[in-house]
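# Survey of secondary and tertiary structure
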Amino acid sequence: AQSVTQLGSHVSVSEGALVLLRCNYSSSVPPYLFWYVQYPNQGLQLLLKYTTGATLVKGINGFEAEFKKSETSFHLTKPSAHMSDAAEYFCAVTPGGSNYKLTFGKGTLLTVNP
Amino acid sequence: DGGITQSPKYLFRKEGQNVTLSCEQNLNHDAMYWYRQDPGQGLRLIYYSQIVNDFQKGDIAEGYSVSREKKESFPLTVTSAQKNPTAFYLCATNQGTANYGYTFGSGTRLTVV
């Protein structure tokens, strides 16, 4: 079975500071990993994903994440936070193959202070 | 444009009433999902369907029912047996491959009054 742990339910940064949102997973097989963003009262939007190949993945809005198998991690980063980045972020995992049901973490609420 | 339509956006229900949330997609995706979202609890899977006329219970199916009579539609009924139905409900689809992830609708906020 898969599971996802997002460390920190709430992260607060200053505008222009580094954003680091942590995600650790457990999976019995090589996983596919995803980050989603949710703005208030909206659905989730895909930020980026890792399936195979390059372990550093770039997504929309300047975000990127690195798959580290040895650490079972898929942390999300952005060099310089913008006010518009304030949202909730969800990490998700699926084992791939014929099983494509996603398991989500509990989310991290990002606050950006002026 | 292809997408997922959830309606209504806001819904109010009196205690003891059943209510149905709509989810329609024109993406031609096989799989559809219903999630419930409460503050601090992330997304919890209610029901999912991978093909027409077939669906499976998720982690919190009690008090909910679904149908999948058409590929495009996956309505969710919140019954009076659901003791705490106030929440944000999200519908999602998947085209049937693991590397695709999900596409989400914009959600329905249900409030019991």
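Quick note: structure is the one above.
Described below are features of the structure shown in this document. Computed from a prediction, not measured in an experiment: that's the story for all the values here.

A few words on the packing of aromatic side chains. Inspection of the entire model under this criterion finds 17 aromatic pairs over all chains. Seen from their ring centres, A:Phe63 and A:Tyr89 are 5.5 Å apart, and the 45° between their planes marks the pair as tilted. Residue A:Phe63 is located in the loop between strand E7 (56–58) and strand E8 (64–68), and its partner A:Tyr89 is located in strand E10 (residues 87–94); the two are separated by 26 residues in the primary sequence. The exposure class of A:Phe63 is buried, given its relative accessible area of 1%. With a centroid separation of 6.4 Å and an interplanar angle of 45°, the aromatic rings of B:Tyr35 and B:Phe104 are classed as tilted. Taken together, the residues span a long stretch of sequence, with B:Tyr35 in strand E4 (residues 31–37) and B:Phe104 in strand E10 (residues 103–104) at a distance of 69 residues. A relative accessible area of 10% means that B:Phe104 is categorised as buried.

This next bit is on the sheet that holds strand E3 (residues 19–25) of chain B. Residue and element names in this part refer to chain B. Strand order in the open sheet formed by four strands is E1-E3-E8-E7, with antiparallel pairing between adjacent strands. One side of each edge strand has no neighbouring strand; the edge strands of this open sheet are strand E1 (4–7) and strand E7 (64–66). The sheet shows a mean angle of 20° between the axes of neighbouring strands, direction not considered. By the bridge criterion, three bridges tie E7 to strand E8 (residues 76–78) in an arrangement that is antiparallel. Residue Ser 65 lies in a different strand from E8, and its bridge partner there is Thr 77.

Rules and cut-offs
Residues numbered from 1 in each chain as written. Chains lettered and ligands numbered in written order. Predicted model: local features only at pLDDT ≥ 70, side-chain atom pairs only at ≥ 80, totals over all residues. Heavy atoms only, no water. Phe/Tyr/Trp six-rings, centres within 6.5 Å; stacked < 30°, edge-to-face > 60°. Helix = DSSP H or I, 4+ residues; strand = E, 2+ residues; numbered from the N terminus. Buried < 20%, exposed > 50% of the residue type's maximum accessible area, 1.4 Å probe, protein only. Pairing = 2+ DSSP bridges. Axes fitted to C-alpha atoms, helices over the stretch in contact; angles between N-to-C directions.

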